[in-house]
Amino acid sequence: MIVHVGSGSDGTEDSDSSAEREQTNSSESDGNIPKRTRLTRASLRLSQSSQALSTSCQSSSQITAPLNVGPFLPPTHVDTLDVKQDESPPLTPTGNAPSSESELDISSPNASHDESLAKDPALRDSDKDLSHRPKRRRCHETYNFNMKCPTPGCNSLGHLTGKHERHFAVSGCPLYHNLSADECKVKATTREKHEEEAKVQEESNRHATRHQTPTSRQTRYKEQVTEMRKGRNSGLSKEQKEKYMEHRQSHGNTREPLLENITSEYDLELFRKAQARASEDLERLRIQGQITEGSNMIKTILFGRYELDTWYHSPYPEEYARLGRLYVCEFCLKYMKSQTILRRHMAKCVWKHPPGDEVYRKGAISVFEVDGKKNKIYCQNLCLLAKLFLDHKTLYYDVEPFLFYVMTEADNTGCHLVGYFSKEKNSFLNYNVSCILTMPQYMRQGYGKMLIDFSYLLSKVEEKVGSPERPLSDLGLISYRSYWKEVLLRYMYNFQGKEISIKEISQETAVNPVDIVSTLQSLQMLKYWKGKHLVLKRQDLIDEWKSKETKRGSNNKTIDPSSLKWTPPKGT
């Protein structure tokens, strides 16, 4: 049985027909015994390749599929024999192969190799004859060489952990941490040595009692740490300060600040060890395929008492984006790296509601008008947060020409963000909404329609006809279509005349005539007859809407125009 494995560098694969053809030619030109020898040696070569793969590719993220080969036989150096089936292209780094009767996981070498080798003297002798030939490496750790480290002047070689040959993120860049690749390897060796010593000591103290007094070794170590930490508050000399300032001016934020002499050597080494461990964790996630360079790595955010899964990429700074989880203050929207920082921030944060003017309040629901020019940081953080759940949003930092209307729900701890919409201060196309979002934990509860209704209420006060800015997202289009349908059916239910004018509907509801026509068409309430457009009053749809309104009762979330305390801004 002949098995061709992998594909060549040009992406071509051996077909099953070519494998059968080589098997036929081999059987015709040679006898049964030579054929058996060649097939066995070909299988041996494949077995050797799989073992080499498991040795050299343990850290490669590209090898995710099991290698399908034929009979699993002992490894021997037979790749230099003149065997026809050895002309197949080498394995690709992905380790893919045509399917066969038996499958072998390259990461699980079989223990029956030595037994088979002992049973077959011919194979043992051939292995001795060719033992002087070097083994061929069929695979190496694979990287995307088109990716580059974002640190200026870095060639992507080396890794902060000292265990990898290349890196693609700042977290693993030796140059960013003011180190060389060789220094990282030396530090990695030292750390491993210390870890082994700590394991030995832990093993010796494993059976010690829980309340045992410190040993003499622990006491000496504590004294050494205390002695090393004595000089950490001595301050920097004038030359050191000048050196640090020069480094800061030369590299800015593209390099880590110089940390020597700022604290004790012991504390600095602890910090370096924590950096290396975090970098190793990120590299392991990258190898496993859970994160990829250049993609959104923020998977979840902790927002108030909710942990939210994100939907889309948001351009947070890289040092925050690569963490995988972000911690956001639900009041001031400041984003942080850890829960400890968030807890300390919440103890000091004085914000309990959005900045700006409260223009609407009814019950627990409030709406705040926030000027992007006056509260720039808050609005930028709001846009970055919204981008995690919006696909079409492109505005992040240029927030000054916009007003933000933030809806909150109040309790005894503060006003919690429900959603918001933004609108241009001066829109030539009379857009009353530029971007609208309901937070995921408040979706499907009627808050989206409340935001839309509030935007049209502002248009009525301004005596304008409004429309949302295009393009609408999928969820946005569904929400607006549902709102427009409800507005039209309510108007039809209350209408007592005989002739309906789309212009009158637009003036009373502040909905753009184009949106009204599209909604009537979707409801099949607009017909063209004898050169005129007629609006059909479908009583079945009106009765269905009325029954739903009755079932909702007093729990229906609506905007009360009498609770609005707002005048249109002038000259903004």
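The protein chain is annotated in an unreviewed UniProt entry as Histone acetyltransferase of Oncorhynchus tshawytscha. According to the UniProt record, the Sequence similarities (unreviewed entry) comment for the protein chain is "Belongs to the MYST (SAS/MOZ) family." Among the UniProt annotations of the protein chain, the heading Catalytic activity (unreviewed entry) holds the following wording: "L-lysyl-[protein] + acetyl-CoA = N(6)-acetyl-L-lysyl-[protein] + CoA + H(+)".

Asker: Talk me through the side chain of Ser 366; I want residue IDs and the actual numbers.
Answerer: Counting through the fold element by element, Ser 366 comes out in strand 8 (residues 365-371). Within the structure, Ser 366 has its side chain in polar contact with the side chain of Glu 358 (distance 2.8 Å). Discounting residues that sit within four places of it in the chain, Ser 366 has contacts with Glu 358, Tyr 360, Arg 361, Val 406, Met 407 and Thr 408.

Asker: With reference to specific residues and values, describe a nonpolar patch on the surface.
Answerer: Taken together, the side chains of Trp 311, Tyr 312, Leu 475 and Ile 478 define a hydrophobic patch exposed on the protein surface, amounting to about 410 Å² of accessible area. Relative to the helices and strands, Ile 478 resides in helix 13 (residues 474-494).

Asker: Any chance you could break down the packing of helix 13 against helix 14 (residues 502-509) for me, citing the residues and the numbers?
Answerer: Remark: helix 13 packs on helix 14, axes separated minimally by 11 Å, with the N-to-C direction vectors making an angle of 110°. Classified by the interaxial angle, the pair formed by helix 13 and helix 14 is roughly perpendicular. Between helix 13 and helix 14 lies a crossing of right-handed hand. Taking contact as the criterion, the partners of Val 487, Leu 488 and Tyr 491 in helix 13 are, on helix 14, Glu 504, Ile 505, Glu 508 and Thr 509. Looking at the contact of helix 13 with helix 14 residue by residue, the classes come out as four nonpolar, one polar and two charged.

Asker: I'd love a proper account of a positive patch on the surface, names of residues and values included.
Answerer: Positive charge collects at one region of the surface, where Lys 334, Arg 343, Arg 344 and Lys 348 lie side by side. Its location among the elements puts Arg 343 in helix 10 (residues 339-348).

Asker: Tell me what's going on with the UniProt feature "active site" (unreviewed entry) in the protein chain, and back it up with residues and numbers.
Answerer: The feature "active site" (unreviewed entry), as given by UniProt, occupies Glu 469 in the numbering adopted here. Under the relative-accessibility criterion, Glu 469 is labelled partly exposed at 28%. For Glu 469, the residues in contact, after removing those within four places along its chain, are Glu 424, Tyr 431, Val 433 and Ser 434.

Asker: A description of the nonpolar core should follow, citing residues and the corresponding values.
Answerer: Nonpolar side chains tend toward joint burial in soluble globular proteins. Core analysis: the largest hydrophobic core is formed by 76 residues, its most contacted members being Ile 301, Phe 303, Leu 385, Phe 404, Met 407, Met 439 and Phe 454. When residues no more than four places from it in sequence are discounted, the contact partners of Phe 404 are Phe 368, Glu 369, Val 370, Gly 372, Cys 379, Leu 382, Cys 383, Val 399, Tyr 420, Phe 421 and Ser 422. Grouped together as the second largest cluster of nonpolar side chains are eight residues, Tyr 327, Phe 331, Met 336 and Leu 342 included.

Asker: Residue-level account of the packing of aromatic side chains, with values.
Answerer: Between two aromatic rings, the relevant description is the distance of the centres plus the angle of the planes. Tallied over the full model, the rule gives 15 aromatic pairs. With a centroid separation of 4.8 Å and an interplanar angle of 80°, the aromatic rings of Tyr 316 and Tyr 335 are classed as edge-to-face. Highlighted residues: Tyr 316 in the loop between strand 4 (306-309) and helix 9 (318-321) and Tyr 335 in strand 6 (residues 335-336), separated in sequence by 19 residues. Here the two residues Tyr 316 and Tyr 335 agree in accessibility, since each one is buried. Ring geometry for Tyr 442 and Tyr 447: centres 5.5 Å apart, planes at 85°, overall edge-to-face.

Asker: Tell me what's going on with the sheet that holds strand 6, and back it up with residues and numbers.
Answerer: The four strands lie next to each other as 4-3-5-6, forming an open sheet whose pairing is mixed. Looking at strand neighbours, the two that pair on one side only are strand 4 and strand 6, the edges of this open sheet.

Asker: Lay out unusual backbone geometry in plain terms, naming residues and giving numbers.
Answerer: Peptide bonds are trans in most cases, and residues, glycine excluded, mostly fall at negative phi. For the peptide bond that leads from Arg 470 to Pro 471, omega is 0°, which places it in the cis range. Following the sequence through the fold, Pro 471 ends up in the loop between strand 13 (467-468) and helix 13. Positive phi is not limited to glycine here, since Asn 430 has a value of about 60°. Of note, Asn 430 is situated in the loop between strand 10 (414-424) and strand 11 (431-433). On the accessibility criterion, Asn 430 (35% relative accessible area) is partly exposed.

Asker: I'd like a description of the sheet that holds strand 12 (residues 435-438), backed by residues and values.
Answerer: What the five strands build is an open sheet, ordered 7-8-9-10-12; its pairing is antiparallel. The open sheet terminates on both sides in strands that have one partner only, identified here as strand 7 (357-362) and strand 12. Sheet twist, expressed as the mean angle between neighbouring strand axes with direction ignored, is 20°. When strand 7 meets strand 8, the two strands line up antiparallel, connected through five bridges. Note that in strand 8 the partner of Asp 357 across the bridge is Glu 369.

Asker: Can you explain helix 16 (residues 539-552)? Please cite residues and give values.
Answerer: Because the α-helix completes a turn every 3.6 residues, residues three or four places apart line up on one side. Its 14 residues place the ends of helix 16 20 Å apart at the C-alpha level, agreeing with the 20 Å of an ideal helix rising 1.5 Å per residue. Looking at helix 16, one finds that the buried residues are Leu 541, Ile 542, Trp 545 and Glu 549. The buried residues of helix 16 all sit within an arc of 100° when viewed along its axis, so they share a single face. Opposite its buried face, helix 16 presents the exposed residues Thr 550 and Lys 551, each directed more than 90 degrees away. At the exit of helix 16 stands Gly 553, carrying a positive phi of roughly 65°.

Asker: Break down the environment of Ser 518 for me, with residues and values.
Answerer: One can find Ser 518 in helix 15 (residues 513-522). For Ser 518, a relative accessible area of 21% gives the class partly exposed. Sequence separation between Ser 518 and Trp 484 is 34 residues; the distance between their C-alpha atoms is 9.6 Å. At 2.9 Å, the side chain of Ser 518 and the backbone oxygen of Asp 515 are in polar contact.

Thresholds applied
Residues numbered from 1 in each chain as written. Predicted model: local features only at pLDDT ≥ 70, side-chain atom pairs only at ≥ 80, totals over all residues. Heavy atoms only, no water. UniProt positions renumbered as here; feature names shortened; annotations may be inferred. Helix = DSSP H or I, 4+ residues; strand = E, 2+ residues; numbered from the N terminus. Polar contact = N/O pair within 3.5 Å; in protein donor to acceptor, adjacent residues only side chain to side chain. Contact = heavy atoms within 4.5 Å. Patch = residues over 30% accessible without salt bridge, like charges linked within 9 Å, V, L, I, M, F, W, Y side chains within 5 Å. Areas by Shrake-Rupley, 256 points an atom, 1.4 Å probe, with all protein chains shown as cover. Salt bridge = Lys/Arg side-chain N within 4 Å of Asp/Glu carboxyl O. Axes fitted to C-alpha atoms, helices over the stretch in contact; angles between N-to-C directions. Parallel < 35°, antiparallel > 145°, perpendicular 65-115°, else oblique. Left-handed = near helix turned anticlockwise from the far one by under 90°. Nonpolar A, V, L, I, M, F, W, Y, C, P; charged D, E, K, R; others polar. Lys, Arg positive; Asp, Glu negative; His and termini not counted. Charge placed at Lys NZ, Arg CZ, Asp CG, Glu CD. Buried < 20%, exposed > 50% of the residue type's maximum accessible area, 1.4 Å probe, protein only. Core = buried A, V, L, I, M, F, W, Y, C linked by side-chain atoms within 4.5 Å. Phe/Tyr/Trp six-rings, centres within 6.5 Å; stacked < 30°, edge-to-face > 60°. Pairing = 2+ DSSP bridges. Expected span 1.5 Å × (residues − 1). Arc of directions from axis to C-beta.

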